[in-house]
Each structure stands twice: as structure tokens, then as C-alpha cells.
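Listed below, chain by chain, are the residues.
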Amino acid sequence: MKNSYIKSSFGMYMNYLMLGMINIIIASNMDNLSERYGVTIAKISLLVSAIGIGKLIALFFVGRLSDGWGRKPVIITANFLYLLFLVGIPTTTSYVLAFVFAISAGIANSLLDSGTYPALTESFPTKASSASVLVKASVSIGATLLPFIMAILVANHIFWGWTFFGMGALYLLTGIYLIFMPFPNHKLVSTKGGDVSQADFKEQPKFLGEGLAIILMGFTSTALFVVWQTWLPQLGTKLIGLESNQAIQLLSYFSIGALVSVLLLAIMLDKFISPIMIAIIYPIGAFLSMLTLFMVESYSFVIVSTFLMGLFTSGIFQLALSIMMKLFPASKATASSYVNIAASSAFILVPIITSGLVSSLGISMTLIFDMIIAVISVILAVFVLTRLKKIFG
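Caption draft 1: Fine view of the overall build of the chain. Helix and strand counts for the chain come out as 15 helices and zero strands. Relative to its length of 393 residues, the chain is compact, with a C-alpha radius of gyration of 20 Å against a globular reference of 21 Å. For the chain, the spread of C-alpha atoms along the three principal axes comes to 60 × 50 × 35 Å. A total of 393 residues make up the chain; the buried ones form 53% of that total. Look at the contacts in the chain between residues 6 or more apart in sequence, and 84% of them connect residues 24 or more apart. Just so you have it, the chain exposes about 17,000 Å², and 70% of that area is on carbon and sulfur atoms.

This is the structure:
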């Protein structure tokens, strides 16, 4: 029997494809936005922090909204908030208003997550993992497409704001489409077993030990890719010496790497390698990829390094989240919310820290900062691995 929610899922995946574009649209338009608002590029990077502020604010109430109000209205509300952001950013000339619009995008992001992930799990209960992987794949596809769309606009001398307006129109159409689509009744959906119980533990997990380490991994795993999403085009032009179009297209190679990572994780995870080993190997790979950018100036090698950065920074946050819920099955929602808050904090703090470093010491400091974050990520993951061995035997 055909699943009646397949058409609904199409709308949800479309939302995330466009979210992949939104994730890099500020970084891709830093020069344009700087000129429009009359502020420095460092201040434009703080719009990414504003999105993080919105995400963090919303985390304190979106879960209750989704459980009480329902998945569908929460998702549709996110669509219309994104429409506000996408129309507002290129039309206003006020940096303060742009900051407010960016906060609204962060709130929309939290609304979208709190409605979509449960809705997909409830729509496809026997294929929940695959449904989640497709969300990440959709984000990566969107982030891959945007630089090529922008290149077409530049080549034809079309106003850069049309990338915003086009996505705004798609969010509007998708929101209207979802109004007429069926969603499961979340209050009637029962949860089934399969979770780890406390009886499976050889030693009780410690929230102030491995729990805190995983929360910090939520921060570091997010920081790793936020640096690149925010500064990659500027690194391309100012550190590597690329033309503006070439530098923006680096985001596509980064996103292709992230998409490949999602597909690899879908195939390998738990069958061939554990989540915690991925959380150790990936930051090491990210560190080595960044190190090569200091040593090799060949454009083709830069493309390879950027692809590898996308590969090695994608999926670590989701793995940290799954490990946290496995260790604390009796308080999944609370435990996972701490990891989400840490990730949102990274969205706020990392652009602030890196913009200060760039202003005072230069663009290369973004790479050094991210390399330090990668080392900290490895240390945290190794500690969690040693604890997992004691907890599960």
C-alpha cells in the first residue's frame, strides 16, 4: 500500500533544499550586502550570528509548539518566516533591520527542525533513519546549487537579490502546497521500542562527564562548518587569490563533499564503523585538509581540500546527538536540547570570534581557529570513546 505522506514529504524536503541555500547565502553575498548596508564585511558576518540567536531563542519553545500545536502548522509558519527574511534582506538598506530579518530566519530554522524531523519519523516509522538522511542530502544539494545559480546571475548582469526573491517565492509556494497535504496525527502516533535501556549499561553514564563532553562536541562540530560556510569565499579571494566567482563556487565543492559524507554515513554507519569513531576520524581529516591550504596554492588542490572539508565536517553534529540520546534514553528530549543549544551557541559565537580575528589579525586566522576547534573535537571524542567502552563493556 502506497504511503499517503509521500507527497507531504516532498514539500518538507524542498524546504531543506532551500535551507541549504540559505545556509550559505550570506557568505556568498558578503560584498554585495556590505555595499548595500554601508558596513564592513566583518559586520555582515555577524548576520550569521543573528541567525544563531534566533535559533537559540526558539529552542526554548518550538518543541512544545510542535507537540501541542502540531507538526504541520509549525512547518508552514517556518515557510512564511523564511519568506520575510528572503524578501527583507535584499530590499532593506538598514543593517539593523537586516539583523532582525536574520533573527527571524533563525527562529524559522528551529521551527522547521522541530516540525519536520518528528513529522518524517511519524510518516515513515520503519524508515526513520533514511528519512533523516534525505533531509541532510537535501541541504547539501541546495548548498551545491546556489553558487552556480549566482554565477548565472553575475554572467548576465542580473541583480544579486533575485536569488533571495526566487527562494522566497519557492518558500511561499511550498508553504501553500503543504497546507493541502496530509500529516500524521502526532497525538495518536505511538513510540515503539528499540531504545537502549539502563539495564544494558555496565556502568551508569555521567552527565557531567561524557554528557558534558558530547554537549561540547555539539558546539565544536557546528563551529567546524560554520567557519567555512561564513568565510570560504573570503578565504578564496584574500588568502588563495581567486577571482570572486571562483571563490563563491568553492562553496559548491564544499557542499558536494558534505553530500558525499551523508551518503557514505548512510551506507557505513553501524554496519562497518561506529558513530564515535567517525566523530574521531572526521575532525582529523578536517585538520589535515586545512593544513594543506597553508602549504599548497594550486587551484585544483584547493578544490580537493575544500571538497574534503565538506566531507569531514558534515554529520558530526547528528552523530553527537544520537550518542547523547543513546546514553540518556530516559531523558532524550532534555539531553538532545542541550546539544542543540550548544550548536546554536556556535552559530552565534563563532562569527563574532572570527570577525574579530579577521579584523585584527587577518583572514588566515579563520583557518587557524578552525584547526584548533578540530583538535578539541578529537580530544572530546576520544574521551567519549573511552567512556563508552566502560559503559557498554
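Caption draft 2: Molecular detail of the environment of isoleucine 353. Following the sequence through the fold, isoleucine 353 ends up in helix H14 (residues 332–361). In sequence terms isoleucine 353 and leucine 46 are 307 residues apart; their C-alpha atoms lie 9.7 Å from each other.

Caption draft 3: Structural detail: helix H1 (residues 6–28). If you check H1, its first and last C-alpha atoms are 33 Å apart, about what 23 residues at 1.5 Å a residue would give, namely 33 Å. Across the 23 residues that make up H1, a large majority, 18, are buried.

Caption draft 4: A look at helix H11 (residues 275–295). Compared with the 30 Å implied by 1.5 Å per residue over 21 residues, the 31 Å span of H11 between its first and last C-alpha is a close match. For H11, the elements touching its buried residues are helix H9 (207–239), helix H10 (244–268), helix H12 (299–313), helix H13 (316–327) and helix H15 (364–392).

Caption draft 5: Structural context of a nonpolar patch on the surface. A contiguous nonpolar surface patch, about 700 Å² in accessible area, is contributed by Ile284, Leu288, Leu291, Phe294, Met295, Ile368, Ile372 and Ile376. Elements with a minimum of two residues in the nonpolar patch: H11 and H15. In terms of residues, the nonpolar patch owes the most to one element, H11, which gives five residues. Tracing the sequence through the fold places isoleucine 372 in helix H15.

Caption draft 6: Layout of the environment of leucine 293. Structurally, leucine 293 is set in helix H11. Classification of leucine 293 as buried rests on a relative accessible area of 11%. As for leucine 293 and aspartate 113, which are separated by 180 residues in sequence, their C-alpha atoms are 34 Å apart. Not counting residues up to four positions away in its chain, the partners in contact with leucine 293 are Trp228, Ile240, Val302, Ser305 and Leu367.

Caption draft 7: The arrangement of the packing of aromatic side chains in detail. Taken as a whole and judged by the stated rule, the model has 12 aromatic pairs. Each ring, one from phenylalanine 159 and one from phenylalanine 165, has its centre 6.4 Å from the other, and the planes form 50°; the classification is tilted. Here the aromatic rings of tyrosine 282 and phenylalanine 312 are separated by 5.6 Å at their centres, their planes lie at 75°, and the arrangement is edge-to-face. A residue pair is termed long-range when its members are at least 10 positions apart, and tyrosine 282 in helix H11 and phenylalanine 312 in helix H12 qualify at 30 residues. When sorted by exposure, tyrosine 282 lands in the same class as phenylalanine 312, which is buried. Grouped by ring-pair contacts, the aromatic residues Phe159, Trp160, Trp162, Phe164 and Phe165 constitute a single cluster.

Caption draft 8: Examining the nonpolar core more closely. Formed by 120 residues in total, the largest nonpolar core has its most connected members in Tyr37, Ile44, Phe85, Trp228, Ile276 and Met290. It is H9 that provides the largest number of residues to this core, a total of 14 residues. Every residue in contact with phenylalanine 85, bar those within four places of it in the chain, is listed here: Ile22, Ile26, Pro90, Phe101, Ala102, Ser104 and Ala105.

Caption draft 9: Structural detail: the packing of H11 against H15. Interhelical geometry of H11 versus H15 gives an angle of 160° and a closest axis separation of 8 Å. As far as their axial angle goes, H15 and H11 are roughly antiparallel. As for how H11 packs across H15, the hand of that crossing is left-handed. Counted by class, the contact of H11 with H15 contains 22 nonpolar, two polar and one charged residues.

Caption draft 10: Geometry of the side chain of threonine 230. Structurally, threonine 230 can be placed in helix H9. On the basis of relative accessible area, threonine 230 is assigned to the buried category, the value being 3%. Apart from the residues within four sequence positions on either side, threonine 230 is in contact with Ala27, Met30, Ser45 and Val48.

Caption draft 11: Structural view of the side chain of serine 255. Along the chain, serine 255 turns up in helix H10. When its relative accessible area of 3% is taken as the criterion, serine 255 is described as buried. Polar side-chain contacts of serine 255 include one of 2.8 Å to the backbone oxygen of leucine 251.

Caption draft 12: Spotlight on the packing of helix H3 (residues 41–59) against H9. Running from amino to carboxyl end, H3 crosses H9 at an angle of 155°, the nearest separation of the two axes being 10 Å. Between H3 and H9, the angle falls in the class roughly antiparallel. Between H3 and H9, the contacting residues are Ile41, Ala42, Ser45 and Val48 on the first element and Thr230, Trp231, Gln234 and Lys238 on the second. Of the residues contributing to the contact of H3 with H9, the split by class is four nonpolar, three polar and one charged.

Definitions and cut-offs
Residues numbered from 1 in each chain as written. Predicted model: local features only at pLDDT ≥ 70, side-chain atom pairs only at ≥ 80, totals over all residues. Heavy atoms only, no water. Helix = DSSP H or I, 4+ residues; strand = E, 2+ residues; numbered from the N terminus. Rg over C-alpha atoms; globule rule 2.2 N^0.38 Å. Buried < 20%, exposed > 50% of the residue type's maximum accessible area, 1.4 Å probe, protein only. Contact = heavy atoms within 4.5 Å. Areas by Shrake-Rupley, 256 points an atom, 1.4 Å probe, with all protein chains shown as cover. Expected span 1.5 Å × (residues − 1). Patch = residues over 30% accessible without salt bridge, like charges linked within 9 Å, V, L, I, M, F, W, Y side chains within 5 Å. Salt bridge = Lys/Arg side-chain N within 4 Å of Asp/Glu carboxyl O. Phe/Tyr/Trp six-rings, centres within 6.5 Å; stacked < 30°, edge-to-face > 60°. Core = buried A, V, L, I, M, F, W, Y, C linked by side-chain atoms within 4.5 Å. Axes fitted to C-alpha atoms, helices over the stretch in contact; angles between N-to-C directions. Parallel < 35°, antiparallel > 145°, perpendicular 65-115°, else oblique. Left-handed = near helix turned anticlockwise from the far one by under 90°. Nonpolar A, V, L, I, M, F, W, Y, C, P; charged D, E, K, R; others polar. Polar contact = N/O pair within 3.5 Å; in protein donor to acceptor, adjacent residues only side chain to side chain.

Purely geometric stuff here, so don't read any function into it on its own.
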